[in-house]
Amino acid sequence: MSKNSAMKIWRDGQLVNWDDANIHILSHVVHYGSSVFEGVRAYETPSGGAIFRAREHMRRLQDSCKIYRMPFPYSVDDMVQAMVDTVAANDMKECYIRPLVIRTGQSIGVGASDIPIETFVIPWRAGPYLGHDSSATGVHVRVSSWRRPAPDTIPTLAKAGGNYLVSQLAKMEAKVDDYAEGIMLDAFGYVSEGSGMNLFAVRDGALYTPPLNAGILQGITRDSVLVMAKDLKIEVREQVLMREFLYTADELFFCGTAVEVTPICSVDRLNVGDGKPGPVSLQIQKQYLGIARGKILDKHNWLTPIPEPAVAGR
Ligand code: PMP
């Protein structure tokens, strides 16, 4: 029994018990990595729980299915509702949500077109992703010896399980030497992203971030940073970045659903700026958490409220 045994998982329209959300060992996904998924967060706001950018995440899930020719039977609205129902059924306000589409069935061949698809929405109690206090103190990272996949190899715009094989290698390599993360370069040697997060640099007050053709996932937090920067009148340049730009930047930060906005203090043991979280990173972090937690006006409609569960006896 896991500590989550009391929780419910959404499985193709039914809320099933945690311990019943199983698949067969011959499922296609187990052998050939045929899964696409999302990572989404719900935050506690003064008016209850709310999911951050639910629609955008579900649209990306649909896109990932399309890229991998998985006939996904749900609309964006269906899946937003599935997430709301899952969080509400588990009486959670603040949590991580993992929607997942997998090819299951029982077959040993690679061919995927006739393999059935199953969809899950899994709630998870999430702590700080890069360790206690990482978003306040910042993290130390290295440039990974592992590269993001070249274009026309594995589609990086799809959020597919298989993409995370190289991420696992980069993460393990970093941890062995006591770094929190590895920053991968793309196939051409330009800066790409971390194992599960996008990257921004700050120099002379402007934000820099690698473009989509640098082998990155098109992060929804990255998009939120781009929008917030515009609102805050911070100049942004989406451009190819050389590795050495990481060393000369005034500030660096990661962004992603799991890491939220986490400052980076050093790269390859070279301090970023003065080695402390910088003012622009902290301003973006404050804005992001302010909107997500309902303390700053949600003018872009990024929050989907979760209704309170009905209280028995009232
Ligand atoms: N890059 C990778 C490889 C990721 O796994 C993630 C997390 N989904 C991100 C970037 C950030 O994306 P998002 O902001 O949509 O979570």
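Residues numbered from 1 in each chain as written. Predicted model: local features only at pLDDT ≥ 70, side-chain atom pairs only at ≥ 80, totals over all residues. Heavy atoms only, no water.

**Here we look at the overall build of the protein**
Here is step 1: Per the secondary structure count, the protein includes eight helices and 17 strands.
Here is step 2: Expressed as a percentage of the 314 residues in the protein, the buried residues total 53%.
Here is step 3: Here the contacts in the protein between residues at least 6 apart in sequence split such that 69% fall between residues at least 24 apart.
Here is step 4: Accessible surface computed for the protein: about 15,000 Å², of which carbon and sulfur atoms make up 53%.
Here is step 5: Between the averaged position of the 33 positive side-chain charges in the protein and that of its 35 negative side-chain charges there is a distance of 1 Å. (Helix = DSSP H or I, 4+ residues; strand = E, 2+ residues; numbered from the N terminus. Buried < 20%, exposed > 50% of the residue type's maximum accessible area, 1.4 Å probe, protein only. Contact = heavy atoms within 4.5 Å. Areas by Shrake-Rupley, 256 points an atom, 1.4 Å probe, with all protein chains shown as cover. Lys, Arg positive; Asp, Glu negative; His and termini not counted. Charge placed at Lys NZ, Arg CZ, Asp CG, Glu CD.)

**Some details on the side chain of Thr262**
Here is step 1: In this fold, Thr262 is placed in strand E15 (residues 260–267).
Here is step 2: In terms of polar contacts, Thr262 uses its side chain to reach the backbone carbonyl oxygen of Val259, at 2.7 Å. (Polar contact = N/O pair within 3.5 Å; in protein donor to acceptor, adjacent residues only side chain to side chain.)

**Describing the site of the ligand**
Here is step 1: Near the ligand there are 15 residues, and of these Tyr164, Glu193, Ile220, Thr221 and Thr257 occur at the shortest range.
Here is step 2: Side-chain polar atom of Lys159 to a nitrogen atom of the ligand: 2.8 Å apart, as the coordinates give it.
Here is step 3: Against a free-state accessible area of 380 Å², the protein chains account for coverage of 96% of the ligand.
Here is step 4: Looking at the shell around the ligand residue by residue, the classes come out as four nonpolar, eight polar and three charged. (Near = heavy atom within 4 Å. Nonpolar A, V, L, I, M, F, W, Y, C, P; charged D, E, K, R; others polar.)

**Here we look at the environment of Ser75**
Here is step 1: Here Ser75 shows up in the loop between helix H2 (54–67) and helix H3 (76–89).
Here is step 2: It is 8.0 Å that separates the C-alpha atoms of Ser75 and Gln62, two residues lying 13 residues apart in sequence.

**Examining the packing of helix H6 (residues 220–231) against helix H8 (residues 279–292)**
Here is step 1: Where H6 meets H8, the axes come as close as 10 Å, and the angle between the chain directions of the two elements is 110 degrees. The orientation of H6 relative to H8 falls into the category roughly perpendicular. Along its contact with H6, which presents Thr221, Val225 and Met228, the element H8 presents Ile284, Gln287, Tyr288 and Ile291.
Here is step 2: Looking at the contact of H6 with H8, its residues break down into five nonpolar, two polar and no charged. (Axes fitted to C-alpha atoms, helices over the stretch in contact; angles between N-to-C directions. Parallel < 35°, antiparallel > 145°, perpendicular 65-115°, else oblique.)

**Quick notes on a nonpolar patch on the surface**
Here is step 1: Taken together, Ile67, Tyr68, Ile154, Leu157 and Leu212 make up a surface patch of nonpolar side chains, about 380 Å² in accessible area.
Here is step 2: For Ile154, the location among the structural elements is in the loop between strand E8 (139–147) and helix H5 (164–176). (Patch = residues over 30% accessible without salt bridge, like charges linked within 9 Å, V, L, I, M, F, W, Y side chains within 5 Å. Salt bridge = Lys/Arg side-chain N within 4 Å of Asp/Glu carboxyl O.)

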